[in-house]
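Each chain is listed here by its residues.
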Amino acid sequence: MTELAIEASNLTRKFGAMTAVSSLNLQVDKQMIYGFLGPNGSGKTTVIRLLTGLLKPTAGEVNVLGCNLPGDAEKLRRQIGYMTQKFSLYDDLTVKENMQFIARIYGLTPKEQKARHDELMSIYQLTKLNQQLSGSLSGGQKQRLALACAVMHKPKLLFLDEPTSAVDPENRREFWEQLFDLCDQGITILVSTHYMDEAERCHKLAILKNGVKCADDSPDRLMTNMPAKVVEVSSNNLRQLKQQLIILPEVVSASQLGAHLRVLLTNDIVDPMAFLNSTKMINAKTEMQTVRASLEDVFVLSTSSNLSHQSEVHQVKP
Ligand SMILES: Nc1ncnc2c1ncn2[C@@H]1O[C@H](COP(=O)(O)OP(=O)(O)OP(=O)(O)O)[C@@H](O)[C@H]1O
(Lines give C-alpha, C1' and ligand atoms only; values in the text may rest on other atoms or scores of the structure.)
Protein backbone atom coordinates (compact mmCIF):
# COMPACT_ATOMS: atom_id res chain seq x y z
CA MET A 1 0.00 0.00 0.00
CA THR A 2 1.29 3.50 -0.84
CA GLU A 3 2.21 5.62 2.10
CA LEU A 4 0.42 8.90 2.59
CA ALA A 5 2.25 12.22 2.90
CA ILE A 6 -0.94 14.09 3.76
CA GLU A 7 -4.20 12.93 5.25
CA ALA A 8 -6.96 15.34 6.21
CA SER A 9 -10.48 14.56 7.25
CA ASN A 10 -13.35 16.98 7.62
CA LEU A 11 -10.90 19.86 7.54
CA THR A 12 -12.79 23.10 8.02
CA ARG A 13 -11.65 26.68 8.43
CA LYS A 14 -13.97 29.60 9.06
CA PHE A 15 -13.13 33.29 9.12
CA GLY A 16 -15.97 34.81 11.12
CA ALA A 17 -19.19 33.77 9.40
CA MET A 18 -17.37 32.85 6.18
CA THR A 19 -16.34 29.24 5.60
CA ALA A 20 -13.14 29.29 3.53
CA VAL A 21 -12.60 25.51 3.65
CA SER A 22 -15.50 23.15 4.24
CA SER A 23 -15.22 19.51 5.44
CA LEU A 24 -12.28 18.70 3.20
CA ASN A 25 -11.13 15.09 2.98
CA LEU A 26 -7.77 14.68 1.35
CA GLN A 27 -5.24 11.91 0.82
CA VAL A 28 -1.96 12.61 -0.91
CA ASP A 29 0.43 9.73 -1.62
CA LYS A 30 4.12 10.20 -1.08
CA GLN A 31 6.28 11.12 -4.08
CA MET A 32 3.52 12.50 -6.23
CA ILE A 33 2.62 15.92 -7.56
CA TYR A 34 -0.83 16.76 -6.32
CA GLY A 35 -2.59 19.85 -7.65
CA PHE A 36 -5.24 22.20 -6.35
CA LEU A 37 -7.18 23.86 -9.11
CA GLY A 38 -9.78 26.46 -8.24
CA PRO A 39 -11.03 29.95 -9.04
CA ASN A 40 -9.96 32.99 -7.01
CA GLY A 41 -11.14 32.73 -3.43
CA SER A 42 -11.91 29.00 -3.63
CA GLY A 43 -9.74 28.27 -0.59
CA LYS A 44 -6.47 26.97 -2.13
CA THR A 45 -4.16 29.17 -0.05
CA THR A 46 -6.16 28.53 3.11
CA VAL A 47 -5.85 24.74 2.63
CA ILE A 48 -2.10 25.06 2.07
CA ARG A 49 -1.72 27.18 5.20
CA LEU A 50 -3.72 24.61 7.19
CA LEU A 51 -1.53 21.78 5.87
CA THR A 52 1.68 23.61 6.74
CA GLY A 53 0.52 24.28 10.29
CA LEU A 54 0.53 28.07 9.75
CA LEU A 55 -3.22 28.23 10.33
CA LYS A 56 -5.32 26.36 12.88
CA PRO A 57 -8.41 24.54 11.63
CA THR A 58 -11.83 25.36 13.01
CA ALA A 59 -12.58 21.62 12.86
CA GLY A 60 -11.18 18.42 11.43
CA GLU A 61 -8.04 16.31 11.58
CA VAL A 62 -4.78 16.78 9.68
CA ASN A 63 -1.76 14.54 9.56
CA VAL A 64 1.22 15.62 7.47
CA LEU A 65 4.32 13.38 7.29
CA GLY A 66 3.21 11.67 10.48
CA CYS A 67 2.75 14.97 12.37
CA ASN A 68 -0.67 15.75 13.79
CA LEU A 69 -1.52 19.41 13.27
CA PRO A 70 -1.64 21.95 14.72
CA GLY A 71 0.09 20.29 17.73
CA ASP A 72 3.17 19.03 15.86
CA ALA A 73 3.57 22.13 13.65
CA GLU A 74 7.05 22.90 14.93
CA LYS A 75 8.25 19.35 14.31
CA LEU A 76 6.81 19.48 10.78
CA ARG A 77 8.43 22.79 9.86
CA ARG A 78 11.91 21.32 9.29
CA GLN A 79 10.48 18.71 6.89
CA ILE A 80 8.53 21.00 4.54
CA GLY A 81 9.27 23.78 2.09
CA TYR A 82 6.78 26.50 1.21
CA MET A 83 6.83 28.81 -1.79
CA THR A 84 4.12 31.43 -1.66
CA GLN A 85 2.32 33.24 -4.49
CA LYS A 86 4.34 36.38 -4.07
CA PHE A 87 8.11 36.61 -4.25
CA SER A 88 8.81 36.40 -0.54
CA LEU A 89 12.55 36.98 -0.52
CA TYR A 90 14.36 40.23 0.18
CA ASP A 91 14.58 42.51 -2.86
CA ASP A 92 17.49 44.48 -1.43
CA LEU A 93 19.63 41.42 -0.74
CA THR A 94 21.64 39.74 -3.48
CA VAL A 95 20.83 36.22 -4.65
CA LYS A 96 23.71 34.88 -2.55
CA GLU A 97 22.64 36.83 0.56
CA ASN A 98 19.07 35.59 0.27
CA MET A 99 20.33 32.01 0.02
CA GLN A 100 22.61 32.51 3.03
CA PHE A 101 19.78 34.02 5.03
CA ILE A 102 17.49 31.06 4.37
CA ALA A 103 20.31 28.58 5.06
CA ARG A 104 20.90 30.19 8.47
CA ILE A 105 17.18 30.08 9.29
CA TYR A 106 17.30 26.32 8.69
CA GLY A 107 20.43 25.99 10.81
CA LEU A 108 22.81 24.71 8.12
CA THR A 109 26.47 24.77 9.21
CA PRO A 110 28.80 27.05 7.17
CA LYS A 111 30.20 23.98 5.38
CA GLU A 112 26.71 22.66 4.57
CA GLN A 113 25.69 26.16 3.46
CA LYS A 114 28.55 26.41 0.99
CA ALA A 115 27.94 22.96 -0.50
CA ARG A 116 24.19 23.45 -0.79
CA HIS A 117 24.58 26.97 -2.16
CA ASP A 118 26.89 25.82 -4.97
CA GLU A 119 24.67 22.84 -5.76
CA LEU A 120 21.45 24.88 -5.93
CA MET A 121 23.05 27.73 -7.91
CA SER A 122 24.00 25.19 -10.53
CA ILE A 123 20.68 23.28 -10.61
CA TYR A 124 18.60 26.46 -10.83
CA GLN A 125 20.96 28.34 -13.17
CA LEU A 126 21.64 31.14 -10.73
CA THR A 127 25.45 31.08 -10.70
CA LYS A 128 25.89 34.14 -12.93
CA LEU A 129 23.31 36.05 -10.88
CA ASN A 130 25.00 35.41 -7.54
CA GLN A 131 25.82 39.07 -6.80
CA GLN A 132 22.70 40.58 -8.38
CA LEU A 133 20.08 42.24 -6.17
CA SER A 134 17.07 39.93 -6.03
CA GLY A 135 14.66 42.81 -6.70
CA SER A 136 16.23 43.29 -10.13
CA LEU A 137 15.78 39.68 -11.29
CA SER A 138 13.28 38.74 -14.01
CA GLY A 139 10.09 36.89 -13.04
CA GLY A 140 11.52 33.53 -14.10
CA GLN A 141 14.83 34.15 -12.26
CA LYS A 142 12.99 35.17 -9.09
CA GLN A 143 10.94 32.03 -9.28
CA ARG A 144 14.04 29.86 -9.62
CA LEU A 145 15.61 31.60 -6.63
CA ALA A 146 12.43 31.11 -4.59
CA LEU A 147 12.41 27.40 -5.45
CA ALA A 148 16.11 27.07 -4.57
CA CYS A 149 15.40 28.66 -1.18
CA ALA A 150 12.33 26.48 -0.60
CA VAL A 151 14.39 23.30 -1.07
CA MET A 152 17.51 24.56 0.75
CA HIS A 153 17.00 22.23 3.72
CA LYS A 154 16.02 19.22 1.56
CA PRO A 155 12.38 19.05 2.60
CA LYS A 156 10.36 15.87 2.11
CA LEU A 157 7.26 17.79 1.15
CA LEU A 158 7.00 20.98 -0.88
CA PHE A 159 4.01 23.34 -0.91
CA LEU A 160 3.85 25.66 -3.91
CA ASP A 161 1.10 28.26 -3.93
CA GLU A 162 0.55 29.46 -7.51
CA PRO A 163 4.29 29.38 -8.12
CA THR A 164 4.22 30.32 -11.79
CA SER A 165 1.75 33.20 -11.83
CA ALA A 166 4.47 35.70 -12.89
CA VAL A 167 6.38 33.68 -15.47
CA ASP A 168 6.08 33.03 -19.20
CA PRO A 169 5.12 29.63 -20.69
CA GLU A 170 8.72 28.64 -21.47
CA ASN A 171 9.88 29.29 -17.90
CA ARG A 172 6.79 27.51 -16.64
CA ARG A 173 7.65 24.44 -18.65
CA GLU A 174 11.22 24.52 -17.37
CA PHE A 175 9.95 24.96 -13.80
CA TRP A 176 7.79 21.87 -14.16
CA GLU A 177 10.76 19.85 -15.36
CA GLN A 178 12.46 20.83 -12.11
CA LEU A 179 9.41 19.75 -10.13
CA PHE A 180 9.48 16.33 -11.77
CA ASP A 181 13.19 16.06 -10.94
CA LEU A 182 12.38 16.81 -7.29
CA CYS A 183 9.56 14.28 -7.35
CA ASP A 184 11.93 11.71 -8.81
CA GLN A 185 14.22 12.30 -5.82
CA GLY A 186 11.39 11.29 -3.50
CA ILE A 187 9.83 14.67 -2.68
CA THR A 188 6.05 15.04 -2.51
CA ILE A 189 4.72 18.25 -4.03
CA LEU A 190 1.41 19.98 -3.47
CA VAL A 191 0.85 22.82 -5.91
CA SER A 192 -2.02 25.23 -6.42
CA THR A 193 -2.65 26.73 -9.83
CA HIS A 194 -5.04 28.57 -12.10
CA TYR A 195 -3.51 27.16 -15.26
CA MET A 196 -5.10 24.17 -16.98
CA ASP A 197 -1.85 23.08 -18.63
CA GLU A 198 -0.17 23.01 -15.22
CA ALA A 199 -3.05 21.16 -13.62
CA GLU A 200 -2.86 18.57 -16.39
CA ARG A 201 0.76 17.81 -15.48
CA CYS A 202 -0.14 16.77 -11.91
CA HIS A 203 -0.40 13.09 -11.01
CA LYS A 204 -3.63 13.87 -9.16
CA LEU A 205 -5.80 16.88 -8.91
CA ALA A 206 -8.47 18.33 -6.64
CA ILE A 207 -10.85 20.99 -7.91
CA LEU A 208 -12.03 23.43 -5.26
CA LYS A 209 -15.02 25.71 -5.33
CA ASN A 210 -16.07 27.90 -2.42
CA GLY A 211 -13.92 25.83 -0.08
CA VAL A 212 -15.52 22.55 -1.17
CA LYS A 213 -13.68 19.83 -3.10
CA CYS A 214 -15.80 19.01 -6.15
CA ALA A 215 -13.51 16.54 -7.90
CA ASP A 216 -10.40 14.53 -7.02
CA ASP A 217 -8.64 12.12 -9.38
CA SER A 218 -5.93 11.93 -12.03
CA PRO A 219 -6.44 14.52 -14.81
CA ASP A 220 -6.93 11.69 -17.31
CA ARG A 221 -9.66 9.99 -15.30
CA LEU A 222 -11.36 13.31 -14.58
CA MET A 223 -11.59 13.96 -18.32
CA THR A 224 -12.60 10.41 -19.25
CA ASN A 225 -15.28 10.17 -16.57
CA MET A 226 -16.63 13.70 -16.85
CA PRO A 227 -20.39 13.44 -16.39
CA ALA A 228 -21.30 15.69 -19.30
CA LYS A 229 -21.08 15.70 -23.08
CA VAL A 230 -19.06 18.08 -25.20
CA VAL A 231 -20.03 19.24 -28.67
CA GLU A 232 -18.05 21.54 -30.94
CA VAL A 233 -20.31 23.65 -33.11
CA SER A 234 -19.30 25.83 -36.05
CA SER A 235 -21.83 28.09 -37.69
CA ASN A 236 -22.30 31.51 -39.22
CA ASN A 237 -24.16 32.85 -36.18
CA LEU A 238 -22.05 31.73 -33.19
CA ARG A 239 -22.68 34.73 -30.94
CA GLN A 240 -26.44 34.52 -31.38
CA LEU A 241 -26.40 30.73 -31.06
CA LYS A 242 -24.48 30.96 -27.81
CA GLN A 243 -27.03 33.36 -26.29
CA GLN A 244 -29.85 31.01 -27.26
CA LEU A 245 -28.14 27.89 -25.98
CA ILE A 246 -26.97 29.07 -22.56
CA ILE A 247 -30.51 29.68 -21.35
CA LEU A 248 -31.44 26.01 -21.85
CA PRO A 249 -31.31 23.95 -18.63
CA GLU A 250 -29.53 21.11 -20.47
CA VAL A 251 -26.66 23.41 -21.45
CA VAL A 252 -24.04 23.74 -18.73
CA SER A 253 -21.93 26.17 -20.70
CA ALA A 254 -21.28 27.44 -24.21
CA SER A 255 -18.08 29.30 -24.90
CA GLN A 256 -16.47 30.41 -28.12
CA LEU A 257 -13.01 29.13 -29.02
CA GLY A 258 -11.97 30.74 -32.28
CA ALA A 259 -14.39 29.62 -34.99
CA HIS A 260 -16.13 27.09 -32.73
CA LEU A 261 -18.62 27.10 -29.94
CA ARG A 262 -17.79 24.54 -27.27
CA VAL A 263 -21.04 23.35 -25.73
CA LEU A 264 -21.26 21.30 -22.53
CA LEU A 265 -24.49 19.34 -22.17
CA THR A 266 -25.77 17.51 -19.12
CA ASN A 267 -25.19 13.78 -19.14
CA ASP A 268 -28.89 12.89 -19.40
CA ILE A 269 -28.82 14.03 -23.03
CA VAL A 270 -28.27 10.69 -24.75
CA ASP A 271 -27.81 12.00 -28.29
CA PRO A 272 -26.27 15.51 -28.18
CA MET A 273 -26.61 16.08 -31.95
CA ALA A 274 -30.27 15.12 -31.98
CA PHE A 275 -30.84 17.33 -28.96
CA LEU A 276 -29.15 20.37 -30.53
CA ASN A 277 -31.01 19.80 -33.81
CA SER A 278 -34.28 19.65 -31.91
CA THR A 279 -33.71 23.13 -30.46
CA LYS A 280 -34.35 24.62 -33.95
CA MET A 281 -31.44 27.00 -33.39
CA ILE A 282 -29.28 25.08 -35.80
CA ASN A 283 -29.28 26.19 -39.46
CA ALA A 284 -28.03 24.65 -42.73
CA LYS A 285 -24.55 26.17 -42.20
CA THR A 286 -24.09 24.57 -38.79
CA GLU A 287 -21.60 21.73 -38.32
CA MET A 288 -21.35 19.73 -35.10
CA GLN A 289 -19.20 17.00 -33.65
CA THR A 290 -18.91 15.44 -30.22
CA VAL A 291 -15.38 15.71 -28.83
CA ARG A 292 -13.39 14.41 -25.85
CA ALA A 293 -13.64 16.47 -22.67
CA SER A 294 -10.69 18.71 -21.84
CA LEU A 295 -9.57 19.55 -18.32
CA GLU A 296 -11.05 23.00 -18.84
CA ASP A 297 -14.43 21.34 -19.50
CA VAL A 298 -14.08 19.41 -16.24
CA PHE A 299 -13.19 22.65 -14.46
CA VAL A 300 -16.14 24.52 -15.98
CA LEU A 301 -18.52 21.73 -15.04
CA SER A 302 -17.11 21.42 -11.52
CA THR A 303 -17.27 25.11 -10.80
CA SER A 304 -20.52 25.80 -12.67
CA SER A 305 -22.76 28.08 -10.62
CA ASN A 306 -25.81 26.11 -11.72
CA LEU A 307 -26.58 23.94 -8.70
CA SER A 308 -28.42 21.30 -10.67
CA HIS A 309 -25.22 20.72 -12.64
CA GLN A 310 -23.08 20.91 -9.54
CA SER A 311 -24.75 17.96 -7.91
CA GLU A 312 -23.75 15.83 -10.89
CA VAL A 313 -20.11 16.84 -10.74
CA HIS A 314 -19.74 15.22 -7.33
CA GLN A 315 -20.19 11.96 -9.17
CA VAL A 316 -16.84 12.49 -10.92
CA LYS A 317 -15.50 10.48 -8.01
CA PRO A 318 -18.02 8.86 -5.71
N1 LIG B 1 -7.13 35.80 7.13
C2 LIG B 1 -8.31 35.86 6.55
N3 LIG B 1 -9.32 36.55 7.09
C4 LIG B 1 -10.55 36.59 6.50
N5 LIG B 1 -10.85 35.95 5.35
C6 LIG B 1 -9.88 35.25 4.76
C7 LIG B 1 -8.56 35.16 5.32
N8 LIG B 1 -7.81 34.37 4.50
C9 LIG B 1 -8.62 34.00 3.49
N10 LIG B 1 -9.85 34.52 3.64
C11 LIG B 1 -11.00 34.33 2.75
O12 LIG B 1 -11.12 32.94 2.49
C13 LIG B 1 -11.53 32.71 1.14
C14 LIG B 1 -10.55 31.78 0.47
O15 LIG B 1 -9.35 32.50 0.27
P16 LIG B 1 -8.03 31.83 -0.29
O17 LIG B 1 -6.96 32.88 -0.30
O18 LIG B 1 -7.76 30.59 0.46
O19 LIG B 1 -8.46 31.46 -1.78
P20 LIG B 1 -7.58 31.09 -3.05
O21 LIG B 1 -8.28 30.00 -3.76
O22 LIG B 1 -6.17 30.84 -2.62
O23 LIG B 1 -7.67 32.41 -3.91
P24 LIG B 1 -6.62 33.02 -5.00
O25 LIG B 1 -6.58 32.06 -6.14
O26 LIG B 1 -7.22 34.32 -5.37
O27 LIG B 1 -5.29 33.15 -4.31
C28 LIG B 1 -11.63 34.09 0.48
O29 LIG B 1 -12.98 34.49 0.50
C30 LIG B 1 -10.77 34.97 1.38
O31 LIG B 1 -11.24 36.31 1.37
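Residues numbered from 1 in each chain as written. Predicted model: local features only at pLDDT ≥ 70, side-chain atom pairs only at ≥ 80, totals over all residues. Heavy atoms only, no water.

As recorded in an unreviewed UniProt entry, the protein goes by ABC transporter ATP-binding protein and comes from Colwellia maritima.

Visitor: Please clarify how the pattern of salt bridges should be interpreted in this entry.
Guide: Pairing between side chains of opposite charge can happen when their charged atoms approach one another. Counting across every chain of the model gives 11 salt bridges. As a salt-bridge pair, E74 and R77 come within 3.2 Å of each other at their nearest N and O atoms. Of this pair, E74 and R77 both sit in helix 2 (residues 73–77), 3 residues apart, roughly one helical turn. By relative accessible area, which is 33% here, R77 ends up partly exposed. (Salt bridge = Lys/Arg side-chain N within 4 Å of Asp/Glu carboxyl O. Helix = DSSP H or I, 4+ residues; strand = E, 2+ residues; numbered from the N terminus. Buried < 20%, exposed > 50% of the residue type's maximum accessible area, 1.4 Å probe, protein only.)

Visitor: Hey, could you run me through the packing of helix 3 (residues 95–105) against helix 4 (residues 110–123) in this one?
Guide: Two numbers describe how helix 3 lies on helix 4: the axes approach to 11 Å, and their chain directions differ by 130°. Considered as vectors, helix 3 and helix 4 are oriented oblique to each other. Two packed elements cross with a definite hand, and for helix 3 against helix 4 that hand is right-handed. The segment helix 3 lies against helix 4, with V95, K96, M99, Q100, A103 and R104 engaging Q113, H117, L120 and M121. (Axes fitted to C-alpha atoms, helices over the stretch in contact; angles between N-to-C directions. Parallel < 35°, antiparallel > 145°, perpendicular 65-115°, else oblique. Left-handed = near helix turned anticlockwise from the far one by under 90°. Contact = heavy atoms within 4.5 Å.)

Visitor: Can you walk me through the state of the cysteines in this structure?
Guide: Between two cysteines, a covalent bond joining their sulfur atoms is known as a disulfide. Under the defined criterion, the tally for this structure stands at 0 disulfides. The cysteine C183 is free of any disulfide, with C202 supplying the nearest cysteine sulfur at 10 Å. A residue is classified by how much of its surface remains accessible, and C183, at 5% relative accessible area, is buried. (Disulfide = S-S within 2.5 Å.)

Visitor: Mind showing me how you'd approach the site of the ligand here?
Guide: Surveying the vicinity of the ligand reveals 14 residues, the closest of which are N40, G41, K44, T45 and T46. Separating an oxygen atom of the ligand from a side-chain N or O atom of K44 is a distance of 2.8 Å. One of the side-chain nitrogen or oxygen atoms of E162 is found 2.9 Å away from an oxygen atom of the ligand. Of all the secondary structure elements, the ones that give two or more residues to the shell around the ligand are strand 2 (18–29) and helix 1 (44–52). Tallying contributions element by element places helix 1 first for the shell around the ligand, with 3 residues. The class makeup of the residues in the shell around the ligand is 4 nonpolar, 8 polar and 2 charged. (Near = heavy atom within 4 Å. Polar contact = N/O pair within 3.5 Å; in protein donor to acceptor, adjacent residues only side chain to side chain. Nonpolar A, V, L, I, M, F, W, Y, C, P; charged D, E, K, R; others polar.)

Visitor: Help me understand the pairing of strand 12 (residues 251–257) in this model?
Guide: Consecutive side chains of a regular strand alternate in pointing toward one face of the sheet and then the other. Here strand 12 runs beside strand 13 (residues 260–266); their pairing, made up of 6 bridges, is antiparallel. Among the inter-strand pairings, Q256 is bridged to a residue of strand 13, identified as L261. The turn joining strand 12 and strand 13, which pair antiparallel and follow one another in sequence, is formed by 2 residues; a positive phi near 60° is taken by G258. (Pairing = 2+ DSSP bridges.)

Visitor: What exactly am I supposed to notice about the layout of surface pockets here?
Guide: Where empty space is left can be seen by rolling a probe of water-molecule size over the atoms. For the largest pocket, the calculated volume is near 620 Å³. Lining of the largest pocket is provided by 28 residues; of these, Y82, M83, T84, S88 and L89 occupy positions nearest its centre. Among the elements of the structure, strand 6 (80–83), helix 3 and helix 5 (139–150) are those that each provide at least two residues to the lining of the largest pocket. Ranked by the residues each element gives to the lining of the largest pocket, the list is headed by helix 5, at 6 residues. Considering only residue class, the lining of the largest pocket consists of 17 nonpolar, 8 polar and 3 charged. (1 Å grid on protein atoms, 1.4 Å probe; cavity = no way out; pocket = protein on both sides within 12 Å on 5 of 7 lines; lining within 4 Å. Points joined across faces, edges and corners; volume = space filled by probe spheres on them.)

Visitor: Got a minute to help me understand the sheet that holds strand 7 (residues 157–161) in this structure?
Guide: In a beta sheet, neighbouring strands pair by backbone hydrogen bonds and run either parallel or antiparallel. Pairing is mixed across the open sheet formed by 6 strands, whose spatial order is 6-7-8-3-9-10. The sheet terminates laterally at strand 6 and strand 10 (212–217), the two strands that pair on one side only. For this sheet the average axis-to-axis angle between neighbouring strands, irrespective of direction, equals 15°. Sheet topology note: the strand 3 (residues 33–37)/strand 8 (residues 188–193) ladder contains 5 bridges and is parallel. Opposite Y34, over in strand 8, you have L190 as the bridge partner.

Visitor: Explain the nonpolar core to me, please; I cannot follow it from the model alone.
Guide: Among soluble globular proteins, nonpolar side chains are generally buried collectively. Ranked by size, the top nonpolar core spans 33 residues in total, and within it M99, L147, L158, L160, L179, L182 and I189 carry the most contacts. Looking at this core, the elements with two or more residues in it are helix 3, helix 4, helix 5, strand 7, helix 6 (169–184) and strand 8. The leading source of residues in this core is helix 5, at 6 residues. Each residue touching L182, except ones within four places of it in the same chain, is listed here: Y124, L147, V151, L158, I187 and I189. Counting residues in hydrophobic clusters, the runner-up holds 29 residues, among them A5, L24, V62 and A206. (Core = buried A, V, L, I, M, F, W, Y, C linked by side-chain atoms within 4.5 Å.)

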